[in-house]
Amino acid sequence: MLDRFDLKILAILQQKGDIGPVEMSQVVHLSASQCSRRMQQLRKAGYIRGVHAALDAGRLGVGISAYILLTMNSHGIAAAEAFRARVLELDEVLECQKLTGEADMILKVATRDLASFNHLLTRQILGSPEVATARSSIILEDVKSTTALPLGFAGAVNPADGT
């Protein structure tokens, strides 16, 4: 079970993933050795999947971000695996999720400009034999963008299995 110190450590790590145990100890009011031990245990237990740097898209030449809703031609295993392999090879695809509802998949993509977005959409995505249709929406402004998960659910009862 996670206690309040673990939750505080996780919350801080979501905001500042490169924080060390000494600095963490000053924030959570535990010794640096206890913070180090807890941070290692949280990683080992799988609560922390990785630590990543948040890069500035504009400074790196990324001018277009968009969402693409896809409808697939087939829901068969072979088609799904072929599409999965294709998406994993596309650096421009930041996220890909399988959905319920009208669309089958949603992609979040990032490209240099409209010409590169058009190439990605028409040649690499719609050109895929697994894709039937695509609807895209270009992101005009990031109102909120975070990878931080809400920690209020940690320790809550899972209604599926009662734990």
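Criteria and thresholds
- Residues numbered from 1 in each chain as written.
- Predicted model: local features only at pLDDT ≥ 70, side-chain atom pairs only at ≥ 80, totals over all residues.
- Heavy atoms only, no water.
- Buried < 20%, exposed > 50% of the residue type's maximum accessible area, 1.4 Å probe, protein only.
- Helix = DSSP H or I, 4+ residues; strand = E, 2+ residues; numbered from the N terminus.
- Pairing = 2+ DSSP bridges.
- Salt bridge = Lys/Arg side-chain N within 4 Å of Asp/Glu carboxyl O.
- Axes fitted to C-alpha atoms, helices over the stretch in contact; angles between N-to-C directions.
- Parallel < 35°, antiparallel > 145°, perpendicular 65-115°, else oblique.
- Contact = heavy atoms within 4.5 Å.
- Core = buried A, V, L, I, M, F, W, Y, C linked by side-chain atoms within 4.5 Å.
- pLDDT = per-residue confidence, 0-100.

1. Observations regarding the pairing of strand β1 (residues 64-72)
Reasoning step 1: Along β1, the buried face is formed by Ile64, Ala66, Ile68, Leu70 and Met72; none of Ser65, Tyr67, Leu69 and Thr71, which line the opposite face, is buried.
Reasoning step 2: Sheet topology note: the β1/strand β3 (residues 105-111) ladder contains seven bridges and is antiparallel. Looking across to β3, one finds that Leu69 is bridged to Ile106.
Reasoning step 3: Relative to strand β4 (residues 131-138), β1 runs antiparallel, the two sharing seven bridges.

2. Here we look at the pattern of salt bridges
Pairing between side chains of opposite charge can happen when their charged atoms approach one another.
Reasoning step 1: The final tally for this structure, using the stated rule, is six salt bridges.
Reasoning step 2: A salt bridge links Asp3 to Arg38, with the nearest nitrogen and oxygen atoms 2.9 Å apart. Taken together, the residues span a long stretch of sequence, with Asp3 in the segment before α1 (4-15) and Arg38 in helix α3 (residues 32-44) at a distance of 35 residues.
Reasoning step 3: In this structure, Arg86 and Glu130 form a salt bridge, with 3.4 Å as the shortest nitrogen-oxygen distance. Highlighted residues: Arg86 in helix α4 (residues 77-89) and Glu130 in the loop between α5 (114-125) and β4, separated in sequence by 44 residues.
Reasoning step 4: On the basis of relative accessible area, Glu130 is assigned to the buried category, the value being 9%.
Reasoning step 5: What emerges from the salt-bridge pattern is a single network uniting Asp3, Asp6 and Arg38.

3. Quick notes on the packing of α1 against α3
Reasoning step 1: Contact geometry of α1 with α3 gives a least axis separation of 10 Å together with a crossing angle of 80°. Overall, the two elements α1 and α3 adopt an arrangement that is roughly perpendicular. Residues Phe5, Asp6, Ile9, Leu10 and Leu13 of α1 form the contact with α3, whose participating residues are Arg38, Met39 and Leu42.

4. Let's talk about the nonpolar core
Reasoning step 1: Core analysis: the largest hydrophobic core is formed by 17 residues, its most contacted members being Ile68, Leu70, Phe83, Leu107, Val109, Phe117 and Ile125.
Reasoning step 2: Looking at this core, the elements that each hand over two or more residues are β1, α4, β3 and α5.
Reasoning step 3: Apart from residues lying up to four places away in sequence, Ile125 is in contact with Ile68, Leu70, Leu107, Leu120 and Val131.
Reasoning step 4: Among the nonpolar cores identified, the runner-up in size contains 13 residues, and Ile19, Val28, Cys35 and Ile48 belong to it.

5. Quick word on unusual backbone geometry
Reasoning step 1: Phi angles above zero are rare outside glycine, and His29 is one such case at about 65°.
Reasoning step 2: Positionally, His29 belongs in the loop between α2 (21-28) and α3.
Reasoning step 3: Owing to a relative accessible area of 64%, His29 belongs among the exposed residues under this scheme.

6. Describing the confidence of the model for the chain
Reasoning step 1: Across the chain, the average pLDDT comes to 93, with 94% of residues at 70 or higher.
Reasoning step 2: Within the model, pLDDT remains below 50 along residues 157-163, and this stretch shows four contacts once partners closer than five positions in the same chain are excluded.

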